[in-house]
Amino acid sequence: MSIEIRVGLSIFVFTKYNAMKKVTQHNYWIIIATGLIAFILSGIWYSPIVFGEVWETYRNPPNPEIPKWTMAFAPLRELIVAYVLAELILLLELAQYKNTLKLVFLLWISFHAVGMVGAILWDHMQWQLGAVHAGDWLMKMTFMGIMLTKWLNKKSISLKNQ
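Figured I'd write up the structure that's included with this text. Because the structure is predicted, anything quoted here is derived from the model rather than measured.

## Overview of the packing of aromatic side chains
Counted under the stated rule, the structure contains five aromatic pairs. Ring geometry for W45 against F51: centres 4.7 Å apart, planes inclined by 45°, an arrangement best described as tilted. For the pair W69 and F73, a centre-to-centre distance of 6.3 Å together with 75° between the ring planes defines the contact as edge-to-face. The lysine or arginine in question, R59, covers the ring of W55, its NZ or CZ lying 4.6 Å from the ring centre. Directly above the aromatic system of W151 lies the positively charged group of K150, at a separation of 5.4 Å from the ring centroid.

The structure is reproduced here in structure tokens:
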């Protein structure tokens, strides 16, 4: 079985074996650390010093207290995205930040931004709140893409030299 992926004029063909070999070479601690740091950055994004006031103003009133148990599961979103980005960076052999940022932007606009527009159009979400949420994910995905490109390529370079 092989997978053909076209990016610009480049064509990448992966056999199942080659894809699995590349995936198993990366360090899962890098992915976990990147996801957790992105979660912390999101906390700063929604704090009063950045966009917390906008978020509180445009949430559906009354603004109930967020249950504490949700914080135990909240980082899973960032961890899943970090893992998927790591897989794509390795499979597409993205070594330059510019290419990773193109991928991040396409993923963000295709999934998150489109979802926010849907929430604004059909669920009556205030556009300001949608912009805060969409901006949060663009910031996190950009951070994750840059960090994963840096660390996964550093790791693959050291593996090639062994």
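## A word on helix α6 (residues 97-122)
Helix length check: α6 (26 residues) gives 35 Å between terminal C-alpha atoms against 38 Å at 1.5 Å per residue, within 8%. Where α6 bends most, at I109, the angle is about 40°. Within α6, the full set of buried residues consists of T100, L103, V104, W108, A113, M116 and A119.

## Details of the environment of L79
On the secondary structure map, L79 appears in helix α5 (residues 75-91). Measuring from C-alpha to C-alpha, the distance between L79 and L36 comes to 6.9 Å, with 43 residues separating the pair along the chain. Setting aside its immediate chain neighbours within four residues, L79 contacts I31, I32, G35 and L36.

## Notes on the pattern of salt bridges
In total, this model carries four salt bridges according to the counting rule given. As a salt-bridge pair, R59 and E56 come within 3.1 Å of each other at their nearest N and O atoms. Residue class for R59 comes out buried when judged on its relative accessible area of 15%. Take E56: its relative accessible area is 36%, and that puts it in the partly exposed class.

## What about the packing of α5 against α6?
Contact geometry of α5 with α6 gives a least axis separation of 11 Å together with a crossing angle of 135°. Comparing their axes, α6 and α5 come out oblique. Considering the relative orientation of α5 and α6, their crossing is right-handed. Every residue of α6 that contacts α5 at L85, L88 and I89 is listed here: T100, L103, V104 and L107. Here the residues of the contact of α5 with α6 sort into six nonpolar, one polar and no charged.

Definitions and limits used
Residues numbered from 1 in each chain as written. Predicted model: local features only at pLDDT ≥ 70, side-chain atom pairs only at ≥ 80, totals over all residues. Heavy atoms only, no water. Phe/Tyr/Trp six-rings, centres within 6.5 Å; stacked < 30°, edge-to-face > 60°. Lys NZ or Arg CZ within 6 Å of the ring centre and 35° of its normal. Helix = DSSP H or I, 4+ residues; strand = E, 2+ residues; numbered from the N terminus. Expected span 1.5 Å × (residues − 1). Bend = angle between axes of the 7 residues up to and from the residue. Buried < 20%, exposed > 50% of the residue type's maximum accessible area, 1.4 Å probe, protein only. Contact = heavy atoms within 4.5 Å. Salt bridge = Lys/Arg side-chain N within 4 Å of Asp/Glu carboxyl O. Axes fitted to C-alpha atoms, helices over the stretch in contact; angles between N-to-C directions. Parallel < 35°, antiparallel > 145°, perpendicular 65-115°, else oblique. Left-handed = near helix turned anticlockwise from the far one by under 90°. Nonpolar A, V, L, I, M, F, W, Y, C, P; charged D, E, K, R; others polar.

Purely spatial values, then, with no claim about function.
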